[in-house]
There are 6 protein chains.
Amino acid sequence: MASDFRLKEKLPTLVSSIVGTYTADDRINHLGHCPLPKYDSVVAIVEDLTDILYPGFRRREGLHIGNVTYHVGNLIDSLHDSLTTQIGRALHHDDRVHNRSSDCENQLDYEAKGQAIAIRFLEQIPRLRRLLATDVEAAYDGDPAVSSRDEIIFCYPGLEAITIYRIAHELRRLGVPFIPRMMTEWGHKQTGIDLHPGAQVGEYFFIDHGTGVVIGETCEIGSNVKIYQGVTLGAISFPTDPDGQLIRGQKRHPTIEDRVVIYANATILGGRTVVGHDSVVGSSVWITSAVAPHTTVTLEKPNLRVRGGVPDDLKPETNYQI
Amino acid sequence: MASDFRLKEKLPTLVSSIVGTYTADDRINHLGHCPLPKYDSVVAIVEDLTDILYPGFRRREGLHIGNVTYHVGNLIDSLHDSLTTQIGRALHHDDRVHNRSSDCENQLDYEAKGQAIAIRFLEQIPRLRRLLATDVEAAYDGDPAVSSRDEIIFCYPGLEAITIYRIAHELRRLGVPFIPRMMTEWGHKQTGIDLHPGAQVGEYFFIDHGTGVVIGETCEIGSNVKIYQGVTLGAISFPTDPDGQLIRGQKRHPTIEDRVVIYANATILGGRTVVGHDSVVGSSVWITSAVAPHTTVTLEKPNLRVRGGVPDDLKPETNYQI
Amino acid sequence: MASDFRLKEKLPTLVSSIVGTYTADDRINHLGHCPLPKYDSVVAIVEDLTDILYPGFRRREGLHIGNVTYHVGNLIDSLHDSLTTQIGRALHHDDRVHNRSSDCENQLDYEAKGQAIAIRFLEQIPRLRRLLATDVEAAYDGDPAVSSRDEIIFCYPGLEAITIYRIAHELRRLGVPFIPRMMTEWGHKQTGIDLHPGAQVGEYFFIDHGTGVVIGETCEIGSNVKIYQGVTLGAISFPTDPDGQLIRGQKRHPTIEDRVVIYANATILGGRTVVGHDSVVGSSVWITSAVAPHTTVTLEKPNLRVRGGVPDDLKPETNYQI
Amino acid sequence: MASDFRLKEKLPTLVSSIVGTYTADDRINHLGHCPLPKYDSVVAIVEDLTDILYPGFRRREGLHIGNVTYHVGNLIDSLHDSLTTQIGRALHHDDRVHNRSSDCENQLDYEAKGQAIAIRFLEQIPRLRRLLATDVEAAYDGDPAVSSRDEIIFCYPGLEAITIYRIAHELRRLGVPFIPRMMTEWGHKQTGIDLHPGAQVGEYFFIDHGTGVVIGETCEIGSNVKIYQGVTLGAISFPTDPDGQLIRGQKRHPTIEDRVVIYANATILGGRTVVGHDSVVGSSVWITSAVAPHTTVTLEKPNLRVRGGVPDDLKPETNYQI
Amino acid sequence: MASDFRLKEKLPTLVSSIVGTYTADDRINHLGHCPLPKYDSVVAIVEDLTDILYPGFRRREGLHIGNVTYHVGNLIDSLHDSLTTQIGRALHHDDRVHNRSSDCENQLDYEAKGQAIAIRFLEQIPRLRRLLATDVEAAYDGDPAVSSRDEIIFCYPGLEAITIYRIAHELRRLGVPFIPRMMTEWGHKQTGIDLHPGAQVGEYFFIDHGTGVVIGETCEIGSNVKIYQGVTLGAISFPTDPDGQLIRGQKRHPTIEDRVVIYANATILGGRTVVGHDSVVGSSVWITSAVAPHTTVTLEKPNLRVRGGVPDDLKPETNYQI
Amino acid sequence: MASDFRLKEKLPTLVSSIVGTYTADDRINHLGHCPLPKYDSVVAIVEDLTDILYPGFRRREGLHIGNVTYHVGNLIDSLHDSLTTQIGRALHHDDRVHNRSSDCENQLDYEAKGQAIAIRFLEQIPRLRRLLATDVEAAYDGDPAVSSRDEIIFCYPGLEAITIYRIAHELRRLGVPFIPRMMTEWGHKQTGIDLHPGAQVGEYFFIDHGTGVVIGETCEIGSNVKIYQGVTLGAISFPTDPDGQLIRGQKRHPTIEDRVVIYANATILGGRTVVGHDSVVGSSVWITSAVAPHTTVTLEKPNLRVRGGVPDDLKPETNYQI
């Protein structure tokens, strides 16, 4: 190391100037004694649940009917504990954020509430498995390139995003704040699919490829719906009250009815926009108003400039780039 | 922990109800004694191969001509073993899925087949390096912002996706099921680029930025092709036989000839769609029919609504969102 | 293992044929004694800095005013060392690439330069925190679905990408080659947002959802700008000199003035394209020329083919796919 | 690094000269394709068994009647596999060493034998627990300084050595070669107590402190025996046949009957030496012949040189040392 | 794996038979909801404290006056937490063992007590450092083979054992049950030196080599004492009351006054045995009664059988062994 | 956590009082910028060397003639680097301790010296292997209970200690300070055998059981010597000069000639004590003067007090203990 030691011994000044910015006014530190939900624990919960939902696929080899109970039992046991702790923290944090709680009292009461929710959640696993089995079937039926259901469970990002969404949606339904969004944002990072835990999604849901898909908080999606990469189901705007405050709780994302297919990069916006059942939305279409059932919406033959030669400024040998 | 211990001792009931759903009819568990390819091992294979293809870049520092043989020798030795095992499993799994094998017999025969393929694959590494060197050159020539080839190898997602694709494509060509797709889906997760192992891609291939690119199974791509982020080379539909079964093996994704450039978010669909050599497809263009060689296709000057003011419902101070 | 041992003992031939391709002409190996910046160390630097910028959120629980100095002090101490080493390597590498240095001399001089820059960089942390606090506020004000600033810091990919960008941009400003791009490509991998370290971005910047966003090297972005997923701020082309060499240093990406909102999948191209302040660019719009201040640009009511029924080749029960 | 790179590139010569010593005559390498038992796996087996024998003490917290089955079930499941593999390897290795097997054939047959023994061994766990419970009682009754049985299980090296011995002895009884000795030598390393797996030890056995205790292969030890640190139960010599070959299978270590106490550093040698029941052997005593029951053997008042002053060469301020 | 799957599916029976032995009568399980001190945490506490006592030696390189506060501050912060938890558990466990507490109530009260003791203990660190500095000096003065104090701190087992003892003794003095013994037994495992936390040891204490040293609970050792390997400072016996119960609290191990040297393998027994100051006890001497100050005690010239030749049964070529 | 947060925020006072003791006078800290050899690296060097000396035994499975060069080559390559660094540090440290160097200058010169020694050391590996092969033979011939040489290499503590000693002795012979002692003390910790790196030991050396063996710095041991557990080859005293300074370099430990056997717990002291060749020293014998060749020395029939009954104070049912 050729660095100058005397310079290094001045680091304390640097540290003081940084720590001096961690003031009470500073809104981007979390100092104090009230724990937030822990990101790594939330991710671990998702991974453990995935191992229970699809036993034998990823982490643990050699599961069979003679040992699967032990494996699942161990996971449920530790999930009970980690869900209890993390949900307790999230409930507490939510009350503090909304000034329903003074700082850091009654952590134990929150853990007790956390445990009650954790158990109700774990009781939903058989139901979640039935639901996810329909999603696997939808992918199997919808993608002829796939050779077995195992391949879908193993490596389809669409199923990964849906699995995380269904876990997160269930927790949100049970009143857990904060954690469902942490889960779906982790799923977003893994798959490029941003599927909000507040959305309502029917059975037999299939997302193919998926990168860039955004599905907003108040979307309602029927059963047997297929969505391709780059599709946005978004909001246009939403109203504020006379004080300029957002009026919450309003539906601002579209409704997609049963058996709709939405091809790549289509954009459907607005809380009053309903795409009727058995419709097809073509690739790159942009929609902000209702589509009747049994309708096909595609781009018109596009108005392209087609020239019999490449203009100078678009020649491939020129160094184009972004 | 403030949780109620009595509640916790009821967990066995919960476990039983979950394990009870792991029945023979349940298609989303993998219980039994026939191992699947292991995801983590497949990822490790890709990483080890990358270390051999581009020695000295990522994992291992201080490689020089006096020690590189030892490093590569060790990697090849362990790759031989892991490829043998994982390919054996994939072959066996594929036969079971297609009912060509009774359950769990002859695992050793499959390993012998796996070894033969593993060795044939490893013999292709020099050829793969020559091919990938052309891809690095294409990026170097195509992106003036890059200061050295090292930067491309180090951190360009396009090259990462192409590297994984070329590995996976070679394995698929040698008859390995299941694993090539696991590899490219892992690449998809890393880069946002979904490049199917079945596609055929010529030399000097360059993908810039790359997020959202989808390249389908039966694409044929010439040499010296450049593709930007968000480009889809997809299918429209494909025929079923009178029984409603998919007619497999048909080409359903486009052909891109030599020296074509496709700008961001363009969509090219259909198995009979050929983009002729030396053509340019502009940003956001949507194409479903053939483009002659030496053609430029761009969006017409878009029909936009341009107003001299922001309407109330689109004002930035309003809380727009999706 | 059923593999044939005799086959395995032939691996040395294979290894030799691979190592034989690592020649001086071969541009995709890095053999020799001059270290490159280490990818894992660069990622660790980003993670340590994030822990200092937003103390108490992710890695370390239980920080309070009584112990935060120790935590930050330890991080600054090790960041000083790792930044010194990695910047020294990057400076040295850059000189070799541009033939300003013979091979592998004076590594110690480079480390001394690295240390000087490292300290100047660490001195910027308080300023970076003030800037990032505005980005958090922008997200808080811009997304009514968020319940607290903590949620933004914890799991918003937009803020993650901006944080990495601001770190990388600062290093680039201080003359560090290579590393800033490694950082933002890592951020790209994490978030799907490709935000070049050379871009200039004002305060209160908000990217929502973010997957597929590409912001080029010479973009200039004002303050209070909002960008949604899939937006490209790219180049059209740029000039070469009479020898066909790129003319570097020219602005080739657009300028976005203060308080502009750009909705999902919009594409804005060209170095002379300025989007005036207080403008709104609608979803999926494609722009290559200037937009006056206070302007709204949206897609015209799209020309769609809407049919009262789904044609045979688009029926959902048909197996459409890409 | 100031080392000379040219020197470093000469390392291959060094490597060749070393590898050149790994010849067939060289008896201290293990090259080839027949695996030995793996040391780390054998240690892991001991640790997993310890977790089953004394559940709730060391590795896993929070075991209760509602989850202990899952924990033990998982351990038994993986122990079945690892014992099967390691015992199979040990059986195979033993046959090769004694020329009862050609090289590397029939590994699968050995695994089948390994499995049969593994299951018979696991069936002994309830019996082992009853036996070890007597050893814990012996320590509790024999050491008044202990405050609870938990303390003994947690940190008494004597119990640790006895536990490992009882596991290893059981495997040896079932015909497993090689592994029992690996286990007790690991115990030796942990505790300083060298207790051969061939020894026969009754119930209620207690070793206090233990460092330096050596108990030979053909020792027979009754029940309720106590042994202190530094005690050797060893051989004097043993006969060879006319060819100078050892006559194996003869008893060459002493017999210690029930309720004997042997104090620190006593040495008892010889296969015909019997210490009768209810006897006491004092500290540092050296015995090579039989001791009748109910006998006390202590050192005579030692013949010491006691001088009223410290001679010059033994003064503490002189620097004595070994 | 050649094992028989049908055998494996019978493992549940095995598991049940084992779990069936974990009854309430079974004294060698710890099931329930009251945690014991955790072995790994106790070891980690010792290691963290060692890092504070001798900063810069083992774990953390590059400490200097500019960063040592951060390093120590972090360690103290986490030691506060881990000591609080582990001491709380030990206090609770002790009360349960002695029936002063019903099961599992008031864990929080115990943690509060644990915190108070933890802080009192941490306040003793400067005093412990002064004391240990004398032990280092004693080793430096007592062993001429040593070339620097650093060598002693780095690798002398005697100092390691004394350091652990002084930590453990301090905790015991503050009323912590259970943990001090866990610590010294861990030290015993590391060094072969069994130094009871209850012993009282003066400053400038030196143990050389150390393997096999045993120092009992009620020993009193003055200052400037040197002890060599294999020395036992033990008990002979101790009285029981008329009911056969041990009379606790009596001194049953010897007193060693200032400036005494005890050479290798000497044995000194009994609570009334005092070795007077400035005395020397020779190698292998066995003592059960008082030694006056300034006395030298050595073995008499031993009565050996010396024969001019090796008898047949002791010839080295015969296979002697234990 | 029930601990009082206010107490915790007082920790900085505690930290300051501790850091305040790290003064220049304080001899038990190592603050500053001159690195010591790193303990973990030294241990890793021993482990890597062991893997080269006995290839195929412990860490790496599946070595065969086709891959062993890669494995050894990698290890030699990294050993070159770590030995260079650690030897350089040790040389530098030694010069500072003996005031032959000002603080922290010329680290690079020391590394260059370190590299030269590292290479000379690595060149000795073939010779070390020949020597160690004789030690394995000695154990095989000397212990009839062993079933194969593999067992000795795998788990005999005597061979482990000798291996570490022979490595350390070679480094010491090449002039490396500090590190050899770190190595043998690590071996001491592993095996209970304290074998000083300065001792000179001939070929075919065998230590059985080994716990408590101490062999001093100036011992000379011939070939074909066998030593059992608890044997001390130590010093009596050694002279000081008129100033009370130790006269260094004098021989103060015994000489053991060829083919001597020393049984358990024997003690042989003094630099002029020579045990002549082909002699046998019996168990527990204590010797401070020369023994002629071909001599047997055993304890006389011990003078024991043997009583026909156990006195009250030695009855086993009484709670004897140390």
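Model, not experiment: these values are computed from the prediction. (Residues numbered from 1 in each chain as written. Chains lettered and ligands numbered in written order. Predicted model: local features only at pLDDT ≥ 70, side-chain atom pairs only at ≥ 80, totals over all residues. Heavy atoms only, no water.)

Okay, the overall build of chain A next. Summing up its helical and strand segments, chain A has nine helices and 15 strands in all. When burial is assessed residue by residue, chain A has 65% of its 322 residues classed as buried. Partitioning the intrachain contacts of chain A with sequence separation of at least 6 by distance along the chain shows that 46% fall at a separation of at least 24. Total accessible area computed for chain A in this model is approximately 11,100 Å², and 48% of it derives from carbon and sulfur atoms. (Helix = DSSP H or I, 4+ residues; strand = E, 2+ residues; numbered from the N terminus. Buried < 20%, exposed > 50% of the residue type's maximum accessible area, 1.4 Å probe, protein only. Contact = heavy atoms within 4.5 Å. Areas by Shrake-Rupley, 256 points an atom, 1.4 Å probe, with all protein chains shown as cover.)

Below, the discussion takes up the interface of chain B and chain D. Contacts between the two partners involve nine residues from chain B and, on the opposite side, nine residues from chain D. Interface of chain B and chain D: buried area, both sides summed, is about 810 Å²; carbon and sulfur atoms make up 62% of it. Of all residues in chain B, the largest losses of buried area upon contact with chain D belong to Glu9(B), His64(B) and Tyr70(B), amounting jointly to 46% of the total for that side. Where chain B packs against chain D, one counts zero residue pairs in polar contact (both at pLDDT 80 or more). (Buried area = accessible area lost by both parts, 1.4 Å probe. Polar contact = N/O pair within 3.5 Å; in protein donor to acceptor, adjacent residues only side chain to side chain.)

So, about the interface of chain B and chain A. Contacts between the two partners involve 84 residues from chain B, matched on the other side by 87 residues from chain A. For the pair chain B and chain A, the two sides together bury roughly 7,300 Å², of which 60% comes from carbon and sulfur. Where chain B meets chain A, there are five salt bridges. Measuring nitrogen to oxygen at the nearest pair gives 2.8 Å for the salt bridge that ties Arg129(A) to Asp26(B). Applying the counting rule to chain B against chain A returns 16 residue pairs in polar contact (both at pLDDT 80 or more). Contributing elements (two or more residues each) for the side of chain B that touches chain A: α1 (5–8), α2 (11–19), α4 (68–97), α6 (125–142), α9 (179–191), β10 (267–269), β13 (286–287) and β14 (296–299) of chain B. Per-element tally for the side of chain B that touches chain A: the top contributor is α2(B), with six residues. A class-by-class count of the residues in the side of chain B that touches chain A yields 36 nonpolar, 27 polar and 21 charged. (Salt bridge = Lys/Arg side-chain N within 4 Å of Asp/Glu carboxyl O. Nonpolar A, V, L, I, M, F, W, Y, C, P; charged D, E, K, R; others polar.)

Further remarks concern the environment of Ile287(F). All names here are of chain F. With respect to the element layout, Ile287 can be found in strand β13 (residues 286–287). Judged by relative accessible area, Ile287 falls into the buried class, the value being 3%. Placed 17 residues apart in sequence, Ile287 and Gly270 show a C-alpha to C-alpha distance of 8.9 Å.

All names here are of chain A. Each assigned domain of chain A is listed here: domain 1 (31–192) and domain 2 (199–322). The interface of domain 1 with domain 2 comprises 18 residues on the first partner and 17 residues on the second. Counting across the interface, domain 1 meets domain 2 through one salt bridge. A salt bridge links Arg172 to Glu217; its shortest N-O distance comes to 3.1 Å. Viewed at the interface, domain 2 and domain 1 are joined by ten residue pairs in polar contact (both at pLDDT 80 or more). Breaking the side of domain 1 that touches domain 2 down by element, the ones donating at least two residues are α6 (125–142) and α8 (157–173). For the side of domain 1 that touches domain 2, the class distribution of residues is seven nonpolar, six polar and five charged. (Domains from an automatic or database assignment.)

The next subject is the packing of helix α3 (residues 39–53) of chain E against helix α6 (residues 125–142) of chain E. Residue and element names in this part refer to chain E. The interhelical angle for the contact between α3 and α6, taken along N-to-C directions, is 70°, at an axis separation of 10 Å. Put simply, α3 runs roughly perpendicular to α6. For the pair α3 and α6, the contacting residues are Leu49, Ile52 and Leu53 in the first and Ile125, Leu128, Arg129 and Leu132 in the second. Residue classes in the contact of α3 with α6 are distributed as six nonpolar, no polar and one charged. (Axes fitted to C-alpha atoms, helices over the stretch in contact; angles between N-to-C directions. Parallel < 35°, antiparallel > 145°, perpendicular 65-115°, else oblique.)

Another point: the packing of aromatic side chains. Applying the stated criterion across every chain, the model contains 24 aromatic pairs over all chains. Measuring from ring centre to ring centre gives 5.8 Å for Phe154(D) and Phe178(E), while their planes differ by 70°; the resulting arrangement is edge-to-face. With Phe154(D) in helix α7 (residues 149–155) and Phe178(E) in the loop between α8 (157–173) and α9 (179–191), this residue pair bridges two chains. Note on accessibility: Phe154(D) and Phe178(E) belong to one class, buried. One aromatic cluster is present, formed by Tyr39(A), Phe178(A), Phe57(C) and Phe154(C) through successive ring pairs. The ring of Tyr140(C) has Arg149(C) sitting right over it, with the charged end atom 4.1 Å from the ring centre. (Phe/Tyr/Trp six-rings, centres within 6.5 Å; stacked < 30°, edge-to-face > 60°. Lys NZ or Arg CZ within 6 Å of the ring centre and 35° of its normal.)

Another point: the relation of the copies chain B and chain D. Superposing chain B onto chain D requires a rotation of 180° together with a translation of 0.0 Å along the rotation axis, leaving an RMSD of 0.0 Å. Such a combination of rotation and displacement between the chain copies is what one expects of a two-fold axis. Across chain B, the smallest distance between a C-alpha and the rotation axis is recorded for Leu108(B), namely 5.4 Å. Mapped onto chain D, 100% of the interface residues of chain B are again interface residues, and the two copies thus contact each other with one and the same surface. (Least-squares fit on C-alpha atoms with pLDDT ≥ 70 in both.)

With that out of the way, let us pick up the sheet that holds strand β10 (residues 267–269) of chain D. One key point about sheets: their strands pair by backbone hydrogen bonds, in either a parallel or an antiparallel sense. Residue and element names in this part refer to chain D. In space, the five strands of this open sheet follow the order β1-β4-β7-β10-β13, with parallel pairing throughout. Each of the sheet's edge strands pairs with one partner strand only, and the pair in question is β1 (194–195) and β13 (286–287). The pairing of strand β4 (residues 214–215) with strand β7 (residues 232–234) spans two bridges and is classified as parallel. Counted as the bridge partner of Ile215 is Leu233 from β7. (Pairing = 2+ DSSP bridges.)

Next up on the list: the relation of the copies chain B and chain A. Take chain B, turn it by 120°, move it 0.0 Å along the axis, and it overlays chain A with an RMSD of 0.0 Å. Read as a symmetry element, the transformation amounts to a three-fold axis.

The next point concerns the sheet that holds strand β2 (residues 200–201) of chain A. Residues and elements named next belong to chain A. Here we have four strands laid out as an open sheet, ordered β2-β5-β8-β11, and parallel in their pairing. If you trace the sheet from one side to the other, it starts and ends with β2 and β11 (274–275), each paired once. Of the pairings in the sheet, the one linking β2 to strand β5 (residues 220–221) comprises two bridges and is parallel in character. Looking at β5, one finds that Val201 is bridged to Ile221.

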